[in-house]
Amino acid sequence: MSEIWQVFKKDDGGKVICVSCNKKYANPGSSTTNMWNHLRFKHKPKFLELDRLRRGLSGGVFDQGASIDNDESESESIESNLIQLQPSTSNEELEISQSCSNISQSSNTDTSSVTNSSFATVHETSSASTTRQLKMTQFTLNKSAKIKIDSALAYFIATNMMPYSLVEKEGFKVFVNALNPSYKLPGRKLSHNPEFPLSCLGCIELSEDHTGENIADVLQMLILDYEIPDWKICSMVTDYGSNMLKAVRNLNIPHVACFGHALNTAVSRIFNMDEIKDVVHKVKSIHNIFAHSWKAVREMGKIQEKFSLPNKKFPSYSKTRWWSMLELINIIIEQELGLTSFLRTYKNGTFKNLSFQDSDIIVLKNLSSIIQPIREITDNLAGDSYVTGSAILPVISSLKSKLSQITELNESEDTDINGRQIKKMYKTIIDILDQRYQGNTLLVMCTVLDPRFKIEYITYDDISVLKKTVGEFCEDTYKSTVNGSYDNDSNNQLAPQKKTKTGLSDVPLSQKLRHELDLYLNNPIIGFEQDPLDWWNLNKTTYPIMFVSAKKAMTVQATSVASERIFSKGGCVLTDHRASLTNEHASQLIFLTMNKDYVPKPAF
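Calculation criteria
Residues numbered from 1 in each chain as written. Predicted model: local features only at pLDDT ≥ 70, side-chain atom pairs only at ≥ 80, totals over all residues. Heavy atoms only, no water. Core = buried A, V, L, I, M, F, W, Y, C linked by side-chain atoms within 4.5 Å. Buried < 20%, exposed > 50% of the residue type's maximum accessible area, 1.4 Å probe, protein only. Helix = DSSP H or I, 4+ residues; strand = E, 2+ residues; numbered from the N terminus. Contact = heavy atoms within 4.5 Å. Pairing = 2+ DSSP bridges. Axes fitted to C-alpha atoms, helices over the stretch in contact; angles between N-to-C directions. Phe/Tyr/Trp six-rings, centres within 6.5 Å; stacked < 30°, edge-to-face > 60°. pLDDT = per-residue confidence, 0-100. Expected span 1.5 Å × (residues − 1).

Let's talk about the nonpolar core
1) Next: Counting residues in hydrophobic clusters, the biggest one holds 95 residues, and the most contacted among them are Phe259, Leu339, Phe342 and Tyr437.
2) Next: Broken down by element, this core gets its largest block of residues, nine residues, from helix α15 (residues 358-381).
3) Next: Those residues in contact with tyrosine 437 that lie beyond four places of it in its chain are Val256, Ala257, Cys258, Phe259, Ala262, Ile392, Ile396 and Leu443.
4) Next: In this structure, Val176, Cys200, Val573 and Leu581 belong to the second largest nonpolar core, which totals 18 residues.

Here you go:
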């Protein structure tokens, strides 16, 4: 209990009363600030006594048995000596210290002897931890210093998913006060919107039914909030849910199906093939044995040691993550000998029916050979910090080429069961991909404008038709960019200039574009390891018209994994310990943490 209640009491009306002067103060909460301020200015000797008690000091003035009355000059003399022991926290206290020091010089001899002796006592107790007097400038803050600390606090909250209410937490206040008593924490409603590039525009709650119309409305409001014109939006990447497809149609935005979802659908269909699903069911059943019994894990460890097999645990399986099945399959193939022994002996052979036959192992090896490359493709196309959309059509082209090789091989060697199985798996994947990506003109533009691929992986009957399609896309994009940017930025280099055109500038846009496109396609492709954006930045003066379209087309993402990452971050923000977090504040915190790479770090 606070020492302040030695001189204050509560009345029936919820107010507090000073027992010395009967002064009343409102006290709706638990704060004792008003009471301490009253003591400090009206009853200073008592204030000093209680203040020393709450700070845990001993051997002070009032322990000496000195008799001190309420005379203002005497109490101020005592306070002035005590203030010298600690750095002041404001200019106001510095002035108080100086004035009290002047008053103490005119105090009587008896009082001076008391204060001097008490000062010596306190000085001795504090000399062990303080070697020299700290300067006032180390504790006082000017306006610019406070702004810097506020910025550092905002950076901490933004990049570590902290709640705004952190500044109101009692423990955090004590910690900050210990670092610098003169720093006053800002309120939770203090807002500042720095301008920086965005990678995530928002994560908004949709409390209504997730219909195509409602999703489209939310996306449209987000676009309007950022004042993004239609001509700047290149594409929308979503899964193949009917509601998402309808939302895209309502917004009239070019659509690209998520490549990760497409491959996930294809792999799921492979797992459900008649000749494969029974083997997959065995794999799941074996996983359940080790997932629910530590004894089974222990026994399998003994068998691994017996057969000199790697001591590996069976990984967990999730039906929503198909690649977890791949990890299980690879472990089973590696541990086949020991696993067979385990299934025949564990619990007197209760699970021996799960033992794999030779044909089952062949199926598992075929599965691994098919979905292992798919896993690698998915990982490579799941990034959001580099260009991925332009690789979709080349990947599909490579898979078709692989299927063609398998078909030719099997036709020349009397197709066996193993070959037919692999061929069927490949065909299942390609059918899904063709359904979702065939005829997607935007992906064609994206691939052609990627200097790593150009037209090498594009299927076309007439090169002139392809060039015409690419030329129209580049011309429309260039004109939209020039017209849109000219309205807002008169200094933009793409804006038309009011000067006489001479020489090459007199050439029509379409003719310039044909020249650029021919030059671009005739030059060799670059290596896969090179960044296409870096290449375009280096060659933008050679291809000024195509450069505008390349910047737009390169924004297409192959997967919606970036959005899934945002949901994962949201799970870190919305926890059981923050149940009162509003939807608006949750969106703000997710926005900040997803864009933390663009938040400027405060400099000191």
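That was the structure; now back to the text.
Topic: the sheet that holds strand β3 (residues 24-26)
1) Next: Ordered by their spatial adjacency, three strands build an open sheet running β1-β2-β3, and the pairing between neighbours is antiparallel. The open sheet is flanked by β1 (8-10) and β3, the only strands paired with a single partner. Looking at each pair of strands side by side, their axes are set apart by 30 degrees on average, direction ignored.
2) Next: Inspection of the sheet shows strand β2 (residues 15-18) paired to β3 by three bridges, in the antiparallel sense. Considered in β3, the bridge of valine 16 is made with tyrosine 25.

Considering the packing of aromatic side chains
1) Next: Tallying each qualifying case throughout the model produces 15 aromatic pairs.
2) Next: Consider the rings of tryptophan 36 and phenylalanine 47, whose centres lie 6.2 Å apart with planes at 80 degrees: the pair is edge-to-face. Of the two residues, tryptophan 36 is situated in helix α1 (residues 33-42) and phenylalanine 47 in helix α2 (residues 44-54); the sequence distance between them amounts to 11 residues. By the burial criterion, tryptophan 36 is buried, and phenylalanine 47 matches it.
3) Next: Summarising the aromatic geometry, the rings of phenylalanine 259 and tyrosine 437 are spaced 5.7 Å apart at their centres and angled 45 degrees between planes, so their arrangement reads as tilted.

Observations concerning helix α14 (residues 336-345)
1) Next: Taken together, the buried positions of α14 are occupied by Gly338, Leu339, Thr340, Ser341, Phe342 and Leu343.
2) Next: Along its buried surface, α14 packs onto α11 (274-291), α12 (294-306) and α13 (323-334).
3) Next: Immediately downstream of α14, the backbone of lysine 347 shows phi near 50 degrees, a positive value.

Examining the confidence of the model for the protein
1) Next: Per-residue pLDDT for the protein has a mean of 78; in total, 78% of the residues score no lower than 70.
2) Next: Mean pLDDT across the secondary structure elements of the protein bottoms out at helix α4 (residues 91-105), with 39, and peaks at helix α18 (residues 441-448), with 94.
3) Next: Taken as a whole, residues 58-131 scores under 50 in pLDDT and shows 73 contacts with residues more than four places along the chain or in a different chain.
4) Next: Segment residues 486-505: pLDDT under 50, and 15 contacts once partners within four positions in sequence are set aside and those in other chains are kept.

Observations concerning the side chain of glutamine 335
1) Next: Counting through the fold element by element, glutamine 335 comes out in the loop between α13 and α14.
2) Next: Those residues within four positions of glutamine 335 in sequence are excluded, and the remaining contacts are Met300, Gln304, Leu309, Pro310 and Lys312.

Quick notes on the side chain of serine 368
1) Next: Following the sequence through the fold, serine 368 ends up in helix α15.
2) Next: Apart from residues no more than four positions distant in its own chain, serine 368 is found in contact with Leu326, Ile329, Asn330, Ile333 and Pro373.

A look at helix α8 (residues 212-225)
Because an α-helix packs 3.6 residues into every turn, residues spaced three or four apart end up facing the same way.
1) Next: Over its 14 residues, α8 extends 20 Å from the first C-alpha to the last, a length consistent with the 20 Å expected when each residue adds 1.5 Å.
2) Next: Within the sequence span of α8, burial applies to Gly212, Asn214, Ile215, Ala216, Leu222 and Ile223.
3) Next: Next to the buried residues of α8 lie α9 (242-251).
4) Next: Downstream of α8 by one or two residues, glutamate 227 has phi in the positive range, about 55 degrees.

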